[in-house]
Amino acid sequence: MILSIVDLKNSDLFYKAWSLYETSFPAIERRSLEEQKQIQNDSRYKVHAYLDDKTFVGIVFYWDFDKFRFIEHFAVDSGFRGKSYGSKILNSLLNSDKEVVLEIELINDEISKKRLNFYEKFDFKVNDFKHYQVPFRQKQESLELLFLSHKRVLTNDEYEELYTQMKASLGI
């Protein structure tokens, strides 16, 4: 299994990736297509598809901020789950000079427990502070999520600095 990465900003795969995005995340956790196309103009924002040979297996949308790589959306196509694709993709993202952070839903069912266990296998730590997703649009309701960071918890100052960058990236 050798994965290749395709930048989706100008790719024919964009709509296939968009379909996975829409089926993998609830509406409150995702952008509209128009919002997505607008945010893709930001050079810090990466929109990648992962292929095994020429077969589409997953997506990762992430931000490269000053000190942190924030994985905003990560999904593997349901036909390829449980086959180590997610692990391979995540390992490629961890190979960065920036600290990797992400957010997941609160643990309230078996799927969310499995998701947390997956990230803990890669040495992600749950940060103790309350974290709310930066809303993708004005007047969107707040969504509390767990904030995870790779190998260590962040200090409050580090978190505040990153959260400020996250809000600024969305014009909030």
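Please refer to the structure higher up on the page.
Residues numbered from 1 in each chain as written. Predicted model: local features only at pLDDT ≥ 70, side-chain atom pairs only at ≥ 80, totals over all residues. Heavy atoms only, no water.

*Asks:* Hey, could you run me through the overall build of the chain in this one?
*Replies:* When helices and strands are counted, the chain shows 5 helices and 8 strands. In sequence order, the chain lays out its α and β elements as β-α-α-β-β-β-α-β-α-β-β-β-α. Compactness check: the chain gives a C-alpha radius of gyration of 15 Å against a globular reference of 16 Å for 172 residues, within 12% of the reference. Buried positions account for 48% of the 172 residues belonging to the chain. Across the chain, every contact between residues at least 6 apart in sequence was considered, and the portion connecting residues at least 24 apart equals 64%. Looking at the chain as shown, the accessible area adds up to about 9400 Å², and 47% of this sits on carbon and sulfur atoms. (Helix = DSSP H or I, 4+ residues; strand = E, 2+ residues; numbered from the N terminus. Rg over C-alpha atoms; globule rule 2.2 N^0.38 Å. Buried < 20%, exposed > 50% of the residue type's maximum accessible area, 1.4 Å probe, protein only. Contact = heavy atoms within 4.5 Å. Areas by Shrake-Rupley, 256 points an atom, 1.4 Å probe, with all protein chains shown as cover.)

*Asks:* What am I meant to see in the side chain of Arg31 here?
*Replies:* One can find Arg31 in the loop between helix 1 (14-24) and helix 2 (33-39). In this structure Arg31 comes out as buried when scored by relative accessible area, which is 4%. Reaching out from Arg31, the side chain makes a polar contact with the side chain of Glu72 at a distance of 2.6 Å. With near-sequence residues (within four places) excluded, Arg31 lies in contact with Trp18, Tyr21, Gln36, Ile39, Tyr45, Trp63, Glu72, His73, Phe136, Arg137 and Leu170. (Polar contact = N/O pair within 3.5 Å; in protein donor to acceptor, adjacent residues only side chain to side chain.)

*Asks:* Please explain the packing of aromatic side chains as it appears in this structure.
*Replies:* Any aromatic ring pair is given by two values, namely how distant the centres are and how the planes are angled relative to each other. Per the stated rule, a full pass over the model turns up 16 aromatic pairs. Judged by centre distance (5.2 Å) and plane angle (70°), the ring pair of Phe118 and Tyr119 falls under edge-to-face. Note on accessibility: Phe118 and Tyr119 belong to one class, buried. An angle of 35° between the planes, with centres 4.1 Å apart, marks the rings of Phe129 and Tyr159 as tilted. With Phe129 in the loop between strand 6 (124-126) and strand 7 (131-132) and Tyr159 in helix 5 (residues 156-169), the pair connects residues that are 30 residues apart, well separated along the chain. Accessibility classification places Phe129 together with Tyr159 in one group, the buried group. (Phe/Tyr/Trp six-rings, centres within 6.5 Å; stacked < 30°, edge-to-face > 60°.)

*Asks:* I'm lost on the environment of Tyr21 in this one. Help?
*Replies:* Following the sequence through the fold, Tyr21 ends up in helix 1. Among the polar contacts listed, one links the side chain of Tyr21 to the backbone nitrogen of Arg31, at a separation of 2.6 Å.

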